[in-house]
Amino acid sequence: MRWQIGDVVVTKVVELEQTLPISGLVPAATPEALAPHLGWLAPHFADADGTTELSIHALVVQSEGLSIMVDTCVGDRAIPGLDGLRGPADFPDRLAAAGFAVDTIDVVCCTHLHFDHVGWNTRLEGDRWVPTFTNARYLFCRSEYEHWMAEPGGYALNCGDTVTPVVEAGQADLVDADHRLTGEVRLVPTPGHSPGHVSVLIESGGERALITGDATHHPVQWAEPDWGMTADWDATMGAASRRRLIAEHGDQGTLVIGTHYAAPSAGRIVADGDGWRFEV
């Protein structure tokens with residue numbers, strides 16, 4: 001899937017998809033609580049029984065001659081405690097088929113350092129984990145990086161083989177949460193799901209798009225911004241970040257591209273009575 005935002009092109013490359021109850025992502029989304037939203041969530045983001053498709057994908061942003069990869073999925077490794085969750089080994093081939101061989105990526109930007117956003121930062125070469133994107137600079141939000149280096153574990157359980165090898169290779173840049181990548185692309189701070197979580201804002205040719213990262217996991221969170229998810233580091237802070245995004249982008253025409261939204265993956269936050277909904 002591709003989207004054009006002014007002069008910027010965003011391409012989605014799927015690593016894996018998983019069917020699960022929405023409540024498995026967002027515990028407050030019980031059948032009773034979800035019922036008022038099923039009309040607009042269907043058919044793309046909810047079935048009648050409250051199940052959804054979780055997509056884990058990378059988004060490649062082409063801006064001002066740079067190919068910027070936002071998040072790198074799970075990677076070709078098993079995740080302890082998450083039986084069966086690992087990315088397919090052919091993901092680099094999928095990227096290449098979409099027009100992005102690994103050596104053509106200029107920048108890798110991780111919205112945060114949870115395992116499903118850093119997996120393909122590295123790949124195994126012999127018995128060593130080495131950077132996958134050999135010609136790229138990797139951007140990590142400084143506060144995010146410093147938190148997980150000081151308190152390793154949790155959902156950032158594999159930084160030792162997905163982040164540290166990049167730093168040791170001299171390919172990492174620690175940046176502020178409002179860092180500008182190009183004249184068209186910049187980071188915006190959206191903490192809560194993790195300490196230094198960022199989303200990615202694109203502004204070009206009078207058009208605007210937002211790549212969410214894990215500021216939301218499912219579109220229902222635009223209607224119910226106080227509904228956090230199980231992996232949130234600070235649920236109250238995460239809700240505040242979503243409310244700020246709604247205030248800035250609701251009814252503003254911003255194309256919102258969900259980092260975990262299944263196809264069609266993108267839409268807009270629009271007013272719905274006294275609240276909001278997500279419209280494809």
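Scroll up to find the structure.
Just so you know, these numbers come straight off a predicted model, no measurement behind them. (Residues numbered from 1 in each chain as written. Predicted model: local features only at pLDDT ≥ 70, side-chain atom pairs only at ≥ 80, totals over all residues. Heavy atoms only, no water.)

Take the pattern of salt bridges next. Taken as a whole and judged by the stated rule, the model has 9 salt bridges. Residue Asp161 is joined to Arg77 by a salt bridge in which the shortest nitrogen-to-oxygen separation is 3.2 Å. With a gap of 84 residues between them, Asp161 in helix α6 (residues 159-162) and Arg77 in the loop between β4 (66-70) and α4 (91-97) connect regions that are remote in the sequence. On the basis of relative accessibility, which here comes to 21%, the residue Asp161 falls in the partly exposed class. Exposure remark for Arg77: the relative accessible area of 6% places this residue in the buried category. (Salt bridge = Lys/Arg side-chain N within 4 Å of Asp/Glu carboxyl O. Helix = DSSP H or I, 4+ residues; strand = E, 2+ residues; numbered from the N terminus. Buried < 20%, exposed > 50% of the residue type's maximum accessible area, 1.4 Å probe, protein only.)

So, on to the pairing of strand β7 (residues 128-131). Strand direction decides the pairing type here: strand β6 (residues 122-125) and β7, joined by 4 bridges, are antiparallel. Bridge pairing in β7 places Glu125 opposite Arg128. Between β6 and the antiparallel strand that follows it, β7, lie 2 residues; Gly126 among them carries a positive phi value of about 70 degrees. (Pairing = 2+ DSSP bridges.)

Turning our eyes to something else, we now look at the packing of aromatic side chains. The tally for this structure, following the rule as stated, stands at 7 aromatic pairs. With centroids separated by 6.1 Å and ring planes inclined at 65 degrees, the aromatic side chains of Phe45 and Tyr261 adopt a geometry described as edge-to-face. With a gap of 216 residues between them, Phe45 in the loop between α3 (38-41) and β3 (51-63) and Tyr261 in the loop between β13 (255-257) and β14 (266-272) connect regions that are remote in the sequence. With relative accessibility at 3%, the residue Phe45 sits in the buried group. On the accessibility criterion, Tyr261 (1% relative accessible area) is buried. An aromatic cluster is built from Phe133, Tyr138, Phe140 and Tyr145, whose rings are joined through pairwise contacts. (Phe/Tyr/Trp six-rings, centres within 6.5 Å; stacked < 30°, edge-to-face > 60°.)

Among the nonpolar cores identified, the biggest contains 32 residues, and Met69, Phe91, Ile105, Leu113, Phe133 and Phe140 are the most heavily contacted of them. Elements represented by at least two residues in this core include exactly β2 (8-21), β3, α4, β8 (137-141) and α5 (142-150). Per element, the largest residue contribution to this core is 3 residues, and it comes from β3. When near neighbours in sequence (up to four residues on either side) are disregarded, Phe140 contacts Cys110, Leu113, Asn121, Tyr145, Val163, Val166, Val167, Ala172, Asp173, Leu174 and Val175. Leu25, Ala46, Trp227 and Val256 belong to the second largest nonpolar core, which has 27 residues in total. (Core = buried A, V, L, I, M, F, W, Y, C linked by side-chain atoms within 4.5 Å. Contact = heavy atoms within 4.5 Å.)

Note that all results are geometric; they support no functional claim without further evidence.
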